[in-house]
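Residue-level listing of the chains:
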Amino acid sequence: MTLLEILRGSTDYLKRARVHSARLEAEILLAHVLGVGRLDLYLQFERPLTETDLTELRSLLRRRVQGTPVAYLTGEREFFGLRFLVRTGVLIPRPESELVVELALARLAAKDGPTLVADLGTGSGCIGIAIAVRDPSTTIDAVDISETAVQVASSNAALLGVSDRVTVIQGSWGRPLKGRGPFNLIVSNPPYVTTAELTALAPGVRDFEPALALDAGRDGLEPYRELLVEIPELAGADATILLEVDPRRAGEVAQLASDRWPSAEPSLHRDLSGRDRVLEVALG
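Keep in mind it's a predicted model, so treat the numbers as computed, not measured. (Residues numbered from 1 in each chain as written. Predicted model: local features only at pLDDT ≥ 70, side-chain atom pairs only at ≥ 80, totals over all residues. Heavy atoms only, no water.)

Visitor: So, the overall build of the protein: which residues are in play, and what are the values?
Guide: If you tally the helices and strands in the protein, you get eleven helices and nine strands. Radius of gyration (C-alpha) of the protein: 20 Å, near the 19 Å computed for a compact globule of 284 residues. Taken over the C-alpha atoms alone, the protein extends approximately 65 × 40 × 35 Å along its principal axes. Looking at the protein as a whole, 51% of its 284 residues are labelled buried. (Helix = DSSP H or I, 4+ residues; strand = E, 2+ residues; numbered from the N terminus. Rg over C-alpha atoms; globule rule 2.2 N^0.38 Å. Buried < 20%, exposed > 50% of the residue type's maximum accessible area, 1.4 Å probe, protein only.)

See below:
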């Protein structure tokens with residue numbers, strides 16, 4: 001069977017299982033099996049597939065229909081135009097988090113000289129590492145409590161050539177960074193789903209992604225309370241703080257920040273869907 005025939009059959013199989021973006025996901029899985037770029041498939045429609053290729057593809061398609069996210073099947077996800085390794089036990093990077101990187105780079109561009117950045121709850125390392133790749137003047141301290149996340153983030157820093165400027169440390173929020181600052185910029189994408197909401201998430205998220213990176217307690221604000229206690233010990237006098245938030249609780253997080261820094265004026269930035277997504281606190 002030719003590549004085109006297999007692609008059509010795979011797409012139909014995913015559609016029947018009500019998989020969202022069936023054609024796109026079929027292309028991603030097929031390209032992964034063949035070791036080519038997704039767009040390269042369109043130049044090889046007549047290519048025959050070997051039995052080994054078909055066996056691997058069938059296995060991936062079955063696992064996808066059973067709910068396993070594509071990123072865990074391929075072991076990678078694109079974020080901010082960069083390829084990041086991911087695996088079970090580490091949150092899959094979301095495009096919404098790219099806004100944190102965009103804002104961080106804009107704020108860093110306005111600062112003079114080398115800058116020190118703290119990425120708290122780094123996960124795959126996507127936010128901090130993307131900042132390091134795009135701004136060579138930065139040094140990043142990335143922290144995560146998960147041993148798996150620390151391993152994956154360290155691998156991503158090496159893969160993207162910034163391990164000399166990105167230090168990944170295991171620990172809870174900013175506690176391992178005491179004495180390593182002051183930091184010019186502090187970024188974080190903490191858990192922000194309530195425990196009750198966690199059970200209602202899409203099965204691909206609820207059943208496969210780490211609850212540690214999702215569950216924010218009874219009201220969805222507990223991680224922010226912890227962060228806002230620890231951040232003042234890390235932040236420089238003119239530091240900028242960027243926190244990803246759930247749009248439904250953005251105002252509540254902003255109030256917590258106002259309570260912590262009464263003289264600062266927290267501001268909210270909207271994502272491409274027009275929803276409040278990132279809270280900024282400028283201390284300088």
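Back to the text.
Visitor: Before we move on, could you go through the nonpolar core and cite the residues and values that matter?
Guide: Ranked by size, the top nonpolar core spans 34 residues in total, and within it Leu120, Leu177, Ile186, Ile231, Leu243, Trp261 and Leu279 carry the most contacts. Contributions of two or more residues to this core are made by β3 (115-120), β6 (183-188), α10 (222-234), β7 (235-244), α11 (250-260) and β9 (276-282). The dominant element in this core, judged by the number of residues it contributes, is α10, at five residues. In contact with Leu120, not counting residues within four places along its chain, are Val143, Trp173, Gly174, Leu177, Ile186, Val187, Ser188, Asn189, Leu227, Ile231 and Leu234. (Core = buried A, V, L, I, M, F, W, Y, C linked by side-chain atoms within 4.5 Å. Contact = heavy atoms within 4.5 Å.)

Visitor: Residues and numbers for the packing of aromatic side chains, please.
Guide: Evaluated as defined, the whole model comprises two aromatic pairs. When the ring of Tyr42 is compared with that of Phe45, the centres are 5.2 Å apart and the planes differ by 55 degrees; the resulting orientation is tilted. Judged by its relative accessible area of 38%, Tyr42 is partly exposed. (Phe/Tyr/Trp six-rings, centres within 6.5 Å; stacked < 30°, edge-to-face > 60°.)

Visitor: Give a detailed account of helix α2 (residues 22-34), specifying residues and quantitative values.
Guide: Compared with the 18 Å implied by 1.5 Å per residue over 13 residues, the 18 Å span of α2 between its first and last C-alpha is a close match. What α2 keeps buried is the set Ala22, Glu25, Ala26, Glu27, Leu29, Leu30, Ala31, Val33 and Leu34. Where the residues of α2 are buried, they touch α1 (3-16), α3 (51-65) and α4 (70-74). Looking one or two residues beyond α2, the residue adopting positive phi is Gly35, at roughly 70 degrees. (Expected span 1.5 Å × (residues − 1).)

Visitor: Any details on the pattern of salt bridges? Residues and values, ideally.
Guide: Two side chains that carry opposite charge are able to pair once their charged atoms sit near each other. One pass over the structure, following the stated rule, counts 21 salt bridges. For Arg248, the salt bridge identified is with Asp246, shortest N-O distance 2.6 Å. Classification of Arg248 as exposed rests on a relative accessible area of 55%. Where Arg275 meets Asp271, a salt bridge forms, and the shortest distance between an N and an O atom there is 3.8 Å. The exposure class assigned to Asp271 is buried, which follows from its relative accessible area of 11%. (Salt bridge = Lys/Arg side-chain N within 4 Å of Asp/Glu carboxyl O.)

Visitor: If you had to explain the environment of Glu230 to someone new, which residues and values would you point to?
Guide: Note that Glu230 resides in helix α10. Look at Glu230 and you get buried, because its relative accessible area is 9%. Spatially, the C-alpha atoms of Glu230 and Asn184 are 15 Å apart, while their sequence positions differ by 46 residues. Beyond its immediate chain neighbours, meaning those up to four positions away, Glu230 contacts Ser172, Trp173, Gly174 and Arg175.

Visitor: Before we move on, could you go through the packing of α10 against α11 and cite the residues and values that matter?
Guide: Two elements in contact, α10 and α11, have axes whose closest approach is 10 Å; the angle formed by their N-to-C orientations is 30 degrees. Relative to α11, the element α10 lies roughly parallel. Considering the relative orientation of α10 and α11, their crossing is right-handed. Contacts between α10 and α11 involve Tyr224, Arg225, Leu228, Val229 and Pro232 on the former and, on the latter, Val253, Leu256, Ala257 and Arg260. Here the contact of α10 with α11 is built from residues that sort into seven nonpolar, no polar and two charged. (Axes fitted to C-alpha atoms, helices over the stretch in contact; angles between N-to-C directions. Parallel < 35°, antiparallel > 145°, perpendicular 65-115°, else oblique. Left-handed = near helix turned anticlockwise from the far one by under 90°. Nonpolar A, V, L, I, M, F, W, Y, C, P; charged D, E, K, R; others polar.)

Visitor: Any chance you could break down the side chain of Thr74 for me, citing the residues and the numbers?
Guide: Looking at where Thr74 falls in the secondary structure, it is placed in helix α4. The class of Thr74 is buried, set by a relative accessible area of 13%. Polar side-chain contacts of Thr74 include one of 3.3 Å to the backbone oxygen of Glu76. Beyond its immediate sequence surroundings of up to four residues, Thr74 is in contact with Ile28, Leu29 and His32. (Polar contact = N/O pair within 3.5 Å; in protein donor to acceptor, adjacent residues only side chain to side chain.)

Visitor: With reference to specific residues and values, describe the sheet that holds strand β5 (residues 166-170).
Guide: A sheet is described by the order of its strands in space; here seven strands give the open sequence β5-β4-β3-β6-β7-β9-β8, paired in mixed fashion. For this open sheet the edge positions go to β5 and β8 (267-270), each flanked by a neighbour on one side alone. With strand direction ignored, the average angle separating the axes of adjacent strands in the sheet is 20 degrees. As paired elements, β6 and β7 share five bridges and run parallel to each other. Its bridge partner lying in β7, Ile186 is registered against Ile241. Across the face of the sheet, helix α6 (residues 126-134) comes into contact with β3, β4 (138-144), β5 and β6 while running at roughly 170 degrees to β4. (Pairing = 2+ DSSP bridges.)

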